[in-house]
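So you can see what is in the structure, the chains are spelled out below.
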Amino acid sequence: MAPTERHSDLTPTAPHRRAGALFPVRPAPEGRAPVRPRIPPLAGVALLYALAQLCYAVAHMNLGWDETVYLSQVDPRHPAAFFSAPRSRGVSFLVAPVVAATSSTLAVRVALVLLSSVALYAAFKVWEPLLGRLRPALAAALFGSLWITVLSGPQVMPNLWVALTSVAAVGWFLRAREESERPRRALTGLALSLAAATLFRAPDGVWLALPLLAVCATVRAWRRPDTVAAVLGGLALGGVQWAVEAYVRFGGITQRLDISSDTEGGMGAHLGGGVSATFRALDGPLLCRPCRIAAPPLTHSLWWLLLPLLAAAACALALRARRRAAATLLPVACALSVAVPYLLLLDYSAPRFLLPAYALAALPVAGLAAHALRAVRDVRVRTGVAALLCAVLAAHLAVQVEELRVNAADARDTTVRYRRAADGLERLGLRAPCLVSGPRAQPIAYEAGCASAQTMGNNRSTTTAALVRAAAREPMAVLYDPGDGYLPPYARGWRAHPLRGTDWVAYVAP
């Protein structure tokens with residue numbers, strides 16, 4: 001009887017054995033409790049990243065301006081907003097299944113929390129065969145702990161997704177050489193990751209690919225046709241939609257690039273201007289244009305100032321060691337490349353612009369921290385170094401949490417005003433089909449279920465004559481911001497209605 005009981009206890013029908021099918025429990029010597037599996041470090045980081053988003057970035061946050069643009073492209077319940085030349089449609093495709101199933105903003109947020117956490121895990125998981133288990137986990141923790149990374153996770157914005165696909169693409173590129181005997185998996189991962197990065201933001205995909213192609217051209221070990229084909233194929237696969245749209249809507253690729261430059265305020269050599277704007281916007285606002293705010297205090301910007309020095313130190317150590325130097329040098333080169341247009345070619349900034357550079361730079365910085373511990377042989381000194389690094393990391397996290405709370409509150413306040421304005425328009429009788437123009441028309445129109453149109457500015461999509469004709473056949477309102485001080489002449493005879501809870505006035509067509 002005893003052997004039968006012992007056998008039945010080991011069968012998969014027991015509840016704890018059913019769980020063990022997914023998380024195997026190692027048999028323990030007689031008299032000891034079984035050894036429970038531990039959560040892998042990278043999985044733990046991804047889980048904490050998801051929890052941080054749910055706690056700080058999801059609750060009570062309505063949709064922002066750019067989010068409504070991306071969502072409206074695939075939302076069957078709202079008219080599509082004007083989609084300007086610099087944008088790419090990857091993030092719209094990403095949320096399309098969720099938007100097709102529900103109109104709940106919370107559902108979109110939670111779905112993106114899950115997707116971004118899984119993507120963080122998958123992107124840095126690519127690096128484990130190259131760096132081991134701990135360094136990619138530490139790099140993911142450094143990147144995932146930034147306030148802008150947490151805030152971007154549940155947002156319908158492309159920059160975080162460019163960052164994570166960039167990390168995966170560079171990792172697969174390095175693994176294509178490491179796994180030279182059977183490179184098919186690595187080359188497929190490289191092509192798909194680069195295609196995803198290009199689909200999310202086409203220019204960023206090109207800047208990411210430039211160092212990879214340069215390595216293929218100059219380093220004999222990477223001078224392989226299959227690697228070059230994977231890079232070029234990924235660019236082509238991710239950029240074909242952008243290129244087709246360029247011909248259909250803008251007259252060609254060159255014309256789309258020219259219009260994109262005009263929309264961005266004239267992309268060119270803004271040496272120093274972009275760096276200054278990026279530094280000033282380091283701790284917010286979410287868009288600094290024009291960027292005339294004061295610089296952040298040193299305590300909140302020291303990590304950013306030290307980041308280039310830490311990356312340079314990691315590169316110096318890698319060159320000195322001459323072992324796996326590419327795993328340090330290539331992420332730094334790609335980080336610099338994807339940062340170039342935002343630091344040197346624009347005169348304004350947003351904290352999210354450098355997310356791809358931060359994600360790539362986190363890898364060599366994590367390696368530098370591991371080297372600092374490994375280089376110390378004395379146990380007591382190593383313990384002291386570890387304690388010092390933990391203290392520095394704790395101080396860094398405290399700063400990031402503070403900035404996350406402030407910027408999440410600012411974003412929430414802004415989007416709440418959009419919702420109040422939309423409610424005010426609905427009380428005035430604007431129902432779909434309807435049209436809204438004027439400052440902040442796009443996010444307010446989306447919330448109200450209306451279309452939006454502009455006759456000036458970056459989102460110019462129609463003419464004054466067309467708006468006047470539209471006002472004669474459907475409900476229309478022009479938003480007026482007293483701070484801007486401009487009301488179109490055709491709306492000056494319309495009835496003014498202050499929108500409760502905002503500083504704006506709606507002029508409604510008779």
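Reading guide: rules and limits
Residues numbered from 1 in each chain as written. Predicted model: local features only at pLDDT ≥ 70, side-chain atom pairs only at ≥ 80, totals over all residues. Heavy atoms only, no water. Helix = DSSP H or I, 4+ residues; strand = E, 2+ residues; numbered from the N terminus. Rg over C-alpha atoms; globule rule 2.2 N^0.38 Å. Buried < 20%, exposed > 50% of the residue type's maximum accessible area, 1.4 Å probe, protein only. Contact = heavy atoms within 4.5 Å. Lys, Arg positive; Asp, Glu negative; His and termini not counted. Charge placed at Lys NZ, Arg CZ, Asp CG, Glu CD. Pairing = 2+ DSSP bridges. Salt bridge = Lys/Arg side-chain N within 4 Å of Asp/Glu carboxyl O. Phe/Tyr/Trp six-rings, centres within 6.5 Å; stacked < 30°, edge-to-face > 60°. Patch = residues over 30% accessible without salt bridge, like charges linked within 9 Å, V, L, I, M, F, W, Y side chains within 5 Å. Areas by Shrake-Rupley, 256 points an atom, 1.4 Å probe, with all protein chains shown as cover. pLDDT = per-residue confidence, 0-100. Disulfide = S-S within 2.5 Å.

## Focus: the overall build of the chain
For step 1, the next point in the chain: When helices and strands are tallied, the chain shows 21 helices and five strands.
For step 2, the next point in the chain: At 26 Å, the chain has a C-alpha radius of gyration in line with the 24 Å of a compact globule built from 510 residues.
For step 3, the next point in the chain: Taken along the three principal axes of its C-alpha coordinates, the chain extends 90 × 65 × 45 Å.
For step 4, the next point in the chain: Within the span of the chain, comprising 510 residues, buried residues form 47% of the whole.
For step 5, the next point in the chain: Within the chain, counting contacts between residues at least 6 apart in sequence, those at least 24 apart form 68% of the total.
For step 6, the next point in the chain: Here the chain holds 51 positive side-chain charges and 30 negative ones, and the gap between their average locations is 6 Å.

## Some thoughts on the sheet that holds strand S1 (residues 435-437)
For step 1, the next point in the chain: The strand order S2-S1-S3-S5-S4 describes an open sheet built from five strands, whose pairing is mixed. Edge positions in the sheet fall to strand S2 (451-452) and strand S4 (495-498), since each of these pairs with one other strand and no more.
For step 2, the next point in the chain: As judged from the four bridges shared by S4 and strand S5 (residues 505-508), these two strands associate in the antiparallel manner. Note that in S5 the partner of Arg495 across the bridge is Val508.

## Side note on the pattern of salt bridges
Opposite charge on two side chains permits pairing when their charged atoms draw close.
For step 1, the next point in the chain: The full count for this structure, using the stated rule, is 16 salt bridges.
For step 2, the next point in the chain: Arg175 is the partner of Glu179 in a salt bridge, and the nearest nitrogen-oxygen pair spans 2.9 Å.
For step 3, the next point in the chain: Relative accessible area serves as the criterion here: at 6%, Arg175 is assigned to the buried category.
For step 4, the next point in the chain: Here Arg419 and Glu426 are joined by a salt bridge, their closest N and O atoms 3.6 Å apart.
For step 5, the next point in the chain: A relative accessible area of 23% places Arg419 in the partly exposed class.

## Regarding the packing of aromatic side chains
For step 1, the next point in the chain: Per the stated rule, a full pass over the model turns up 10 aromatic pairs.
For step 2, the next point in the chain: Between Trp303 and Tyr358, the ring centres sit 5.5 Å apart and the planes meet at 70 degrees, which makes this aromatic pair edge-to-face. On the criterion of sequence distance, the pair formed by Trp303 in helix H16 (residues 298-321) and Tyr358 in helix H18 (residues 355-374) is long-range, its members being 55 residues apart.
For step 3, the next point in the chain: Using a relative accessible area of 19% as the deciding quantity, one classes Trp303 as buried.
For step 4, the next point in the chain: Note on Tyr358: relative accessible area 8%, which makes it buried.
For step 5, the next point in the chain: Ring centres 6.1 Å apart and planes at 85 degrees place the aromatic pair Tyr480 and Tyr507 in the edge-to-face group.

## Let's talk about a nonpolar patch on the surface
For step 1, the next point in the chain: Taken together, Ile39, Leu47, Leu48, Leu51, Leu54, Leu106, Val110 and Leu114 make up a surface patch of nonpolar side chains, about 770 Å² in accessible area.
For step 2, the next point in the chain: Elements that contribute at least two residues to the nonpolar patch include exactly helix H3 (41-58) and helix H6 (105-125).
For step 3, the next point in the chain: In terms of residue count, H3 provides more of the nonpolar patch than any other element does, four residues in total.
For step 4, the next point in the chain: In this fold, Leu114 is placed in helix H6.

## A closer look at the confidence of the model for the chain
For step 1, the next point in the chain: On average, the chain scores 89 in pLDDT, and the residues at 70 or more come to 91%.
For step 2, the next point in the chain: Long-range and interchain partners of residues 1-26, a stretch whose pLDDT sits below 50, account for 16 contacts in this model, where long-range means more than four residues apart.

## Some words on the state of the cysteines
Here a disulfide denotes a covalent bond joining the sulfur atom of one cysteine to the sulfur atom of another.
For step 1, the next point in the chain: Summed over the entire model, instances satisfying the criterion amount to two disulfides.
For step 2, the next point in the chain: Each sulfur of the disulfide joining Cys434 and Cys450 lies 1.9 Å from the other. Where Cys434 bonds to Cys450 through sulfur, the torsion about that S-S bond is close to -85 degrees, and the disulfide is left-handed. Residue Cys434 is located in the loop between helix H19 (379-427) and S1, and its partner Cys450 is located in the loop between helix H20 (441-448) and S2; the two are separated by 16 residues in the primary sequence.
For step 3, the next point in the chain: Residue Cys434 is classed as buried on the basis of its relative accessible area of 3%.
For step 4, the next point in the chain: Exposure remark for Cys450: the relative accessible area of 3% places this residue in the buried category.

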